[in-house]
Amino acid sequence: MAENRNGQGNVQYVSLYEPFLNETLRSIIGRHTVIETGRGTVQGQLMEVKPDHITVQSKDTTFFIRIQEIIWVMPD
C-alpha cells in the first residue's frame, strides 16, 4: 500500500463486476423477480441495476441488494 504525505496508507475500494449477470439483470428491469441471496429470498419489481447493487421494490419496502450476494435470479 502506498503512503501519502502524512505517512498514512491510501485507501482503495475494489468491487467485483459480473458483466453477464449485470447484463441479464438489466434485461429484466421492470419485471417481478425472485432473487435468492445468502440471507434469504426477496421478491418484487426490479427497479434499477448498478455495477455493484440492484434495487428491488416489494410493496412498501425498497431493498438494495449487493450483486455479490445474489445466488440466483428468476423473473416471474
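On a predicted model such as this, the values are computed, not experimentally measured, just so you know.

Rules used throughout
- Residues numbered from 1 in each chain as written.
- Predicted model: local features only at pLDDT ≥ 70, side-chain atom pairs only at ≥ 80, totals over all residues.
- Heavy atoms only, no water.
- Helix = DSSP H or I, 4+ residues; strand = E, 2+ residues; numbered from the N terminus.
- Buried < 20%, exposed > 50% of the residue type's maximum accessible area, 1.4 Å probe, protein only.
- Contact = heavy atoms within 4.5 Å.
- Core = buried A, V, L, I, M, F, W, Y, C linked by side-chain atoms within 4.5 Å.
- Lys, Arg positive; Asp, Glu negative; His and termini not counted.
- Salt bridge = Lys/Arg side-chain N within 4 Å of Asp/Glu carboxyl O.
- Polar contact = N/O pair within 3.5 Å; in protein donor to acceptor, adjacent residues only side chain to side chain.

Chemist: How should the overall build of the chain be read in this particular structure?
Modeler: Check the secondary structure of the chain and you find one helix and five strands. Sequence-ordered secondary structure for the chain, helices as α and strands as β, is α-β-β-β-β-β. Out of the 76 residues belonging to the chain, those deemed buried represent 24%. Taking the intrachain contacts of the chain between residues at least 6 apart in sequence as the baseline, contacts between residues at least 24 apart amount to 37%.

Chemist: Please clarify how the environment of D52 should be interpreted in this entry.
Modeler: The residue D52 is located in the loop between β2 (40–49) and β3 (53–58) in this model. In this structure D52 comes out as partly exposed when scored by relative accessible area, which is 39%. In this structure the C-alpha to C-alpha distance between D52 and E18, which are 34 residues apart in sequence, comes to 8.8 Å.

Chemist: Looking at this structure, I do not really get the nonpolar core. What am I missing?
Modeler: For soluble globular proteins, nonpolar side chains are generally found buried alongside one another. With eleven residues, the main nonpolar core is built from L25, I28, I35, V42, L46, V49, I54, V56, I65, I67 and I70. Elements represented by at least two residues in this core include exactly β2 and β3. No other element matches β2, which puts three residues into this core. If near-sequence neighbours (up to four positions away) are discounted, L25 is found in contact with L46, V49, I54, I67, I70 and V73.

Chemist: Even after reading the chapter, I still don't get the environment of L25, so can you show me in this structure?
Modeler: Among the structural elements, L25 can be located in helix α1 (residues 19–27). Through-space distance from the C-alpha of L25 to that of I54 is 8.4 Å; in sequence the pair is 29 residues apart.

Chemist: Just to check I follow, could you spell out the side chain of E36 for this structure?
Modeler: Tracing the backbone through its elements, the reader meets E36 in strand β1 (residues 32–37). Buried within the structure, E36 lacks any salt-bridge partner; R39 is the closest side chain of opposite charge, at an N-O distance of 11 Å. Within the local environment of E36, its side chain forms a polar contact with the side chain of T41, the two groups lying 2.4 Å apart. In contact with E36, not counting residues within four places along its chain, are T41, E69, I70, I71 and W72.

Chemist: I would appreciate a short explanation of the environment of V56 in the present structure.
Modeler: For V56, the location among the structural elements is in strand β3. Residue V56 is classed as buried on the basis of its relative accessible area, which comes to 0%. In sequence terms V56 and T33 are 23 residues apart; their C-alpha atoms lie 8.4 Å from each other. If near-sequence neighbours (up to four positions away) are discounted, V56 is found in contact with I35, V42, Q43, G44, Q45, L46, T61, T62, F63 and I65.

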